[in-house]
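# Residue-level structure breakdown
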Amino acid sequence: MALHPLQLVVDPEAADAPYEQVRTQIAEQARSGRLPAGFRLPTVRGLAGELGLAANTVAKAYRALESDGVIETRGRNGTFVAAAGDAGAQQAAEAALAFAQRAQRLGLDHQTALTAAVTALRATYGEDG
């Protein structure tokens, strides 16, 4: 199974509570684009298990992130990074994420997938974009 792009480190010795460390790191990664809009976050229990935290700790971080508009819960479908910007940008981000996931399932390496995407963009927009 491929590693997801969400990379968190919780320092039990840090001044910030573990839930705040999780909240801050997810928010920073979402805002920087490292976690793309539409990225499905691990379940509360799954992430808690990965990080060695109580499920309530991760749930508290997710609730804070949702109230800040950083993530959104879609019922039984899961929790996702919320899109910033207009609906067109959101749909483009979701399409790009779907492409990246499919390319990975097909066994393409990063550079091959990137080349395919750039080629398609040039064919659509022209060489100069």
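Look a little higher up for the structure.
Note that the coordinates shown come from a computational prediction; the quantities given were computed from them, not determined experimentally. (Residues numbered from 1 in each chain as written. Predicted model: local features only at pLDDT ≥ 70, side-chain atom pairs only at ≥ 80, totals over all residues. Heavy atoms only, no water.)

Okay, the environment of G69 next. Relative to the elements of secondary structure, G69 occurs in the loop between α3 (55-67) and β1 (71-73). When the C-alpha atoms of G69 and A27 are compared, they prove to be 9.6 Å apart, with 42 residues separating the residues in sequence. (Helix = DSSP H or I, 4+ residues; strand = E, 2+ residues; numbered from the N terminus.)

With the rule as written, the count across this model stands at three salt bridges. For R23, the salt bridge identified is with D68, shortest N-O distance 3.8 Å. Residue R23 is located in helix α1 (residues 18-32), and its partner D68 is located in the loop between α3 and β1; the two are separated by 45 residues in the primary sequence. Judged by its relative accessible area of 17%, R23 is buried. Salt bridges linked by common partners bring E20, R23 and D68 together as one network. (Salt bridge = Lys/Arg side-chain N within 4 Å of Asp/Glu carboxyl O. Buried < 20%, exposed > 50% of the residue type's maximum accessible area, 1.4 Å probe, protein only.)

We now examine the environment of D11. Mapped onto the elements, D11 comes out in the segment before α1. Judged by its relative accessible area of 37%, D11 is partly exposed. Taking the C-alpha atoms as reference points, D11 and Q21, separated by 10 residues in sequence, lie 8.1 Å from one another. Looking at D11, its side chain comes within polar contact range of the main-chain nitrogen of E13, at 2.8 Å. (Polar contact = N/O pair within 3.5 Å; in protein donor to acceptor, adjacent residues only side chain to side chain.)

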